[in-house]
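Notes for the structure review
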Amino acid sequence: MREISLKVAATSRILIESGLSRALSGAFAGREAFTAAAAFVVTDENVSPLYLDRVAAGLQSMGWRVASRTLPPGEQTKSFDSLLTLYKDFFDQKLDRSSIVVALGGGVIGDLTGFAAATYMRGTRLLQVPTTLLAQVDAAIGGKVAVNHLGIKNSIGTFYQPELVIIDPEVLSTLPGSELPNGFAEISKAALVADKDLFEILEKDDSLPALPGHEMLEEIIYRAVAVKVNVVQQDERESGRRRVLNFGHTIGHALEESSAFEGLSHGEAVAVGMVLETRLARLLKVTDAQLADRIEALLARLGFKVHLHGASPEDIARLTYLDKKAKGSRLVFALPVKLGSVEVFEDVDPAALRRVLEEAAS
Ligand code: ADP
Ligand code: ZN
């Protein structure tokens, strides 16, 4: 027998810098590898009037031909219909594999555009410019891209790393305030997974979930991104270590599904998920009371209220079993064990889960 291993790895550069246009031209300047004839920007109707011109100007300053597509905002846009629209645009614009596709927007635009870029001609170059706090610290990092299909969120997708991610904290100034807690839920998760100091920064900042002072904001984003980068680097495709990032998401996804993704944002679902999974950890004696109290206190201060959003404990328990990350019929949970450390538990007692859910419902 003869054996040869083929190892390939893509590198994603992630830049955190204020001023989109400057950040863009700065990122490309002097880099031969970034030579492209054409760029195509995908964005939504809210983001387009605010930032499309600046992004287009930054790309044009490199001498590239720039075209764009503006789609309606919202989760419905993450669909096969939108994909077909984008593929048609890409063909019309004669994009090839050296062209750059730019996702300018929140997680919806990032996931959709990333999937289009991954599949068009087996992959064009992808640039993520996330404009929501959630997308900056989570969705745009790590290469998960997808669309929703047959009513199932993210059911068709792949892993595709962007060549470059540009995070401009200044664009958050126009983000509706109601979107901020969403981002802070994921930031809190990152802190609990692997950055004790970040948790303490959040704990001490009385202004949250309003945006902290600029310096602090950049620091907070940087730290949350670093946690995700470190975890993904160890396990890109979520077979092992990456599962710690599911803290709050097992119950969180069940809540989102039971609400049919209406009236409950991802951040809210994850925040409630983190509180309930922390209570579960407490019951299983893997977390102590002091840590559990600190987690609940921070999430309460970020404005999250713990309830099942109309779902019954039975519904949530059933959906938890159906979670795509549950192995067979065993209950798998990522649970906090100490501040800045989450571990995966593979065989959680269903009775403990029921007890936590029933208490939350009463
Ligand atoms: P998420 O990143 O939370 O998945 P979406 O992509 O659905 O979110 O974006 C949330 C909403 O915020 C959308 O209506 C989108 O158009 C809007 N939006 C995104 N970024 C900005 C921004 N920087 N300023 C104003 N509105 C924005
Ligand atoms: Zn999440």
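Note that the coordinates shown come from a computational prediction; the quantities given were computed from them, not determined experimentally.

Conventions adopted
- Residues numbered from 1 in each chain as written.
- Chains lettered and ligands numbered in written order.
- Predicted model: local features only at pLDDT ≥ 70, side-chain atom pairs only at ≥ 80, totals over all residues.
- Heavy atoms only, no water.
- Buried < 20%, exposed > 50% of the residue type's maximum accessible area, 1.4 Å probe, protein only.
- Helix = DSSP H or I, 4+ residues; strand = E, 2+ residues; numbered from the N terminus.
- Arc of directions from axis to C-beta.
- Contact = heavy atoms within 4.5 Å.
- Polar contact = N/O pair within 3.5 Å; in protein donor to acceptor, adjacent residues only side chain to side chain.
- Domains from an automatic or database assignment.
- Salt bridge = Lys/Arg side-chain N within 4 Å of Asp/Glu carboxyl O.
- Nonpolar A, V, L, I, M, F, W, Y, C, P; charged D, E, K, R; others polar.

It is worth spelling out helix H7 (residues 196-204) at this point. What H7 keeps buried is the set Leu198, Phe199, Ile201 and Leu202. Across the axial projection of H7, the buried residues extend over an arc of 160 degrees, all falling on one side. Buried-residue contacts for H7 involve helix H6 (180-194), helix H8 (214-234) and helix H11 (289-301). Capping of H7 at its N-terminal end is provided by Asp195; its side-chain oxygen lies 3.1 Å from the backbone amide nitrogen of Asp197.

We now examine the domain arrangement of the chain. Structurally, the chain comprises domain 1 (2-174) and domain 2 (177-361). Put simply, the middle of domain 1 and the middle of domain 2, counted by C-alpha atoms, are 27 Å apart. Residue-level contacts link 17 residues of domain 1 with 26 residues of domain 2. Taken together, the connections running from domain 1 to domain 2 amount to two salt bridges. Ionic pairing is found between Glu256 and Lys153, a salt bridge with its closest N-O pair at 3.4 Å. At the junction of domain 1 with domain 2, the criterion picks out four residue pairs in polar contact (both at pLDDT 80 or more). Residues belonging to the side of domain 1 that touches domain 2 are distributed by class as follows: 10 nonpolar, four polar and three charged.

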